[in-house]
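# What the coordinates show
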Amino acid sequence: MAWAEAGESLTARWRSANGRPAPKRVEVVSDSLTADDAYRMASQGIAMLWHGDFHNGRQILSALDRRVGAGKKKTPGTPADVFYRYRQSRSHRARILGLLLIPLDPGPVVPLRRAPDIREAAAEAYGDIGESSIVSLHELVGAIGAHQWRRNGVYVDALHGRIHPHYGTFFPTRSEYVDLVAAAPLPSDTLAFDVGTGTGVLAAILARRGVRRVVATDNEPRAIACAGENFRNLGVQDRAEAVLTDMFPLGRAPLVVCNPPWIPATPHSSLDSAVYDPGSRMLFRFLNELPDHLEPGGEGWLVLSDLAEHLGLRSREDLLTAIKAAGLKVVERLDTRPTHPKASDRGDPLFAARAAEVTSLWRLVPR
């Protein structure tokens, strides 16, 4: 990435853990920058390379966030319209906040006054940093928060222990779907596959329930490293293993579990991929390939919220048709209501859909 400073042309490596492209226009700013000027520049697509006090930069970032959210009004429309406006708003916010940049020197260290020690957080998000680099302050703040999540962990009642999510790996803040997997009757205790394992929480649940071998798969190296670490921390590494592969592992199992992204929409970042599944591709692929990976008498457990149905993005008929077309039938559906705060937040643009949401574990067998 290139910019001009004091009449000199300078360059540094652009880094983005979310894969965002480097800004094309960059201006150097410092503590004299006002929040209004920062918002004006960001609205024009001008990135600001911060050379002031680190904490003052955090205050400018917070002020930008307030200005992005100011003046928003609820507008009528279908649930799908509301959802797409919500996503556009989130994307706009991410774009604006992502235009406040800070330098990283090898170490890595932030060469700004009152900068915190970000070595562990930056390494988890960006890997080894051995050269001068530029990152989004908003993204780095997120990496610092993610590092705290990883260090402290998320307590999971069904495990009587903590899951420690890595940066970029979706973590289980909602317990209801985990509880479904902890309660459903096991068809066998010999072998299970957990497809798209993420942090490994569902695989760990199955191992703790007595399944003698659990193969957890994911196509993201960060997820595999995260799941493996969690298996060791929870003491189930002798039963659960994490394998880097696309969807299913080799062979068949009497139990195959999948908790795919729940909403059929395009992800805007790596973390989004745990929530948004374009065209329900992962969902439908799991259903279509499941019969080829089940042992005779085996079951597939599909863990899925109906939020997409309430948003008008996928119908219940679409799901049932896909199940039937895959040569499967439903033997039981276990349901639970959400308990997360957004389900009762009337100020949330998606409140109506969230309040009606039901998360289900579909027990599927070949027809």
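Refer to the structure above for everything that follows.
Residues numbered from 1 in each chain as written. Predicted model: local features only at pLDDT ≥ 70, side-chain atom pairs only at ≥ 80, totals over all residues. Heavy atoms only, no water.

## Digging into the overall build of the protein chain
Helix and strand counts for the protein chain come out as 12 helices and 16 strands. The C-alpha radius of gyration of the protein chain comes to 23 Å, within 12% of the 21 Å expected for a compact globule of 367 residues. Along the first, second and third principal axes, the C-alpha atoms of the protein chain reach 75 × 50 × 30 Å. Within the protein chain, the proportion of its 367 residues that are buried is 49%. Carbon and sulfur atoms make up 49% of the accessible area of the protein chain, which totals about 17000 Å². Side chains of the protein chain carry 45 positive and 42 negative charges; the gap between the two charge centres is 4 Å. (Helix = DSSP H or I, 4+ residues; strand = E, 2+ residues; numbered from the N terminus. Rg over C-alpha atoms; globule rule 2.2 N^0.38 Å. Buried < 20%, exposed > 50% of the residue type's maximum accessible area, 1.4 Å probe, protein only. Areas by Shrake-Rupley, 256 points an atom, 1.4 Å probe, with all protein chains shown as cover. Lys, Arg positive; Asp, Glu negative; His and termini not counted. Charge placed at Lys NZ, Arg CZ, Asp CG, Glu CD.)

## Description of the pairing of strand β7 (residues 133-136)
Across the two faces of β7 the burial is the same, with Ser133 and Val135 and Ile134 and Ser136 all buried. Bridging between strand β3 (residues 13-14) and β7 involves 2 bridges; their strand directions are parallel. Within β7, the position partnered with Trp14 by the bridge is Ile134. Note: strand β6 (residues 100-104) against β7, 4 bridges, orientation antiparallel. From the neighbouring strand, Pro103 faces β7, where its bridge partner is Ile134. (Pairing = 2+ DSSP bridges.)

## A few points about the environment of Pro165
With respect to the helices and strands, the residue Pro165 is situated in the loop between β9 (161-163) and α6 (176-183). Once the C-alpha coordinates of Pro165 and Glu176 are considered, the two residues, 11 residues apart in sequence, prove to be 18 Å apart. Discounting residues that sit within four places of it in the chain, Pro165 has contacts with Ala146, Trp149, Arg150, Val154, Phe171, Thr199 and Cys226. (Contact = heavy atoms within 4.5 Å.)

## Some details on helix α7 (residues 201-208)
Most of α7 is tucked away, with 7 of its 8 residues classed as buried. Those residues of α7 lying buried are Val201, Leu202, Ala203, Ala204, Ile205, Leu206 and Ala207. A positive phi of about 110 degrees marks Gly210, the residue just after α7.

## A word on the pattern of salt bridges
Under the counting rule described, the total for this entry stands at 20 salt bridges. Linking Asp53 and Arg114 is a salt bridge whose minimum nitrogen-to-oxygen distance equals 2.9 Å. Here the residue Asp53 occupies a position in the loop between β5 (47-50) and α2 (54-69), and Arg114 occupies one in the loop between β6 and α4 (119-126), the gap between them amounting to 61 residues. Ionic contacts of the salt-bridge type, sharing partners, join the residues Arg13, Arg15 and Glu131 into one network. (Salt bridge = Lys/Arg side-chain N within 4 Å of Asp/Glu carboxyl O.)

## Examining the packing of aromatic side chains
In this structure the tally under the stated criterion is 4 aromatic pairs. Consider the rings of Phe83 and Tyr276, whose centres lie 6.4 Å apart with planes at 50 degrees: the pair is tilted. Highlighted residues: Phe83 in helix α3 (residues 79-97) and Tyr276 in the loop between β13 (253-258) and α9 (281-289), separated in sequence by 193 residues. Residue Phe83 shares its accessibility class with Tyr276, and that shared class is buried. An aromatic cluster is defined as three or more aromatic residues linked by ring pairs; in this entry it consists of Phe83, Tyr84 and Tyr276. Sitting over the face of the ring of Tyr276, Arg87 holds its NZ or CZ atom 3.7 Å from the ring centroid. Here the basic side chain of Arg333 rests over the ring of Trp362, its NZ or CZ set 5.4 Å away from the ring centre. (Phe/Tyr/Trp six-rings, centres within 6.5 Å; stacked < 30°, edge-to-face > 60°. Lys NZ or Arg CZ within 6 Å of the ring centre and 35° of its normal.)

## Brief notes about the sheet that holds β7
Taken in spatial order, the 5 strands make up an open sheet running β3-β7-β6-β5-β4, and their pairing is mixed. Only two strands of the sheet have a single partner each, and these edge strands are β3 and β4 (26-29). Across 2 bridges, β5 lies against β6 in parallel orientation. From the neighbouring strand, Leu49 faces β6, where its bridge partner is Leu101.

## Section: the packing of α2 against α3
Close contact between α2 and α3 brings their axes to 10 Å; oriented N to C, the two are set at 150 degrees. The pairing of α2 with α3 is recorded here as roughly antiparallel in orientation. The handedness of the crossing between α2 and α3 is right-handed. Taking contact as the criterion, the partners of Leu61, Leu64, Asp65 and Val68 in α2 are, on α3, His92, Arg93, Ile96 and Leu97. In terms of residue class, the contact of α2 with α3 is made up of 5 nonpolar, 1 polar and 2 charged. (Axes fitted to C-alpha atoms, helices over the stretch in contact; angles between N-to-C directions. Parallel < 35°, antiparallel > 145°, perpendicular 65-115°, else oblique. Left-handed = near helix turned anticlockwise from the far one by under 90°. Nonpolar A, V, L, I, M, F, W, Y, C, P; charged D, E, K, R; others polar.)

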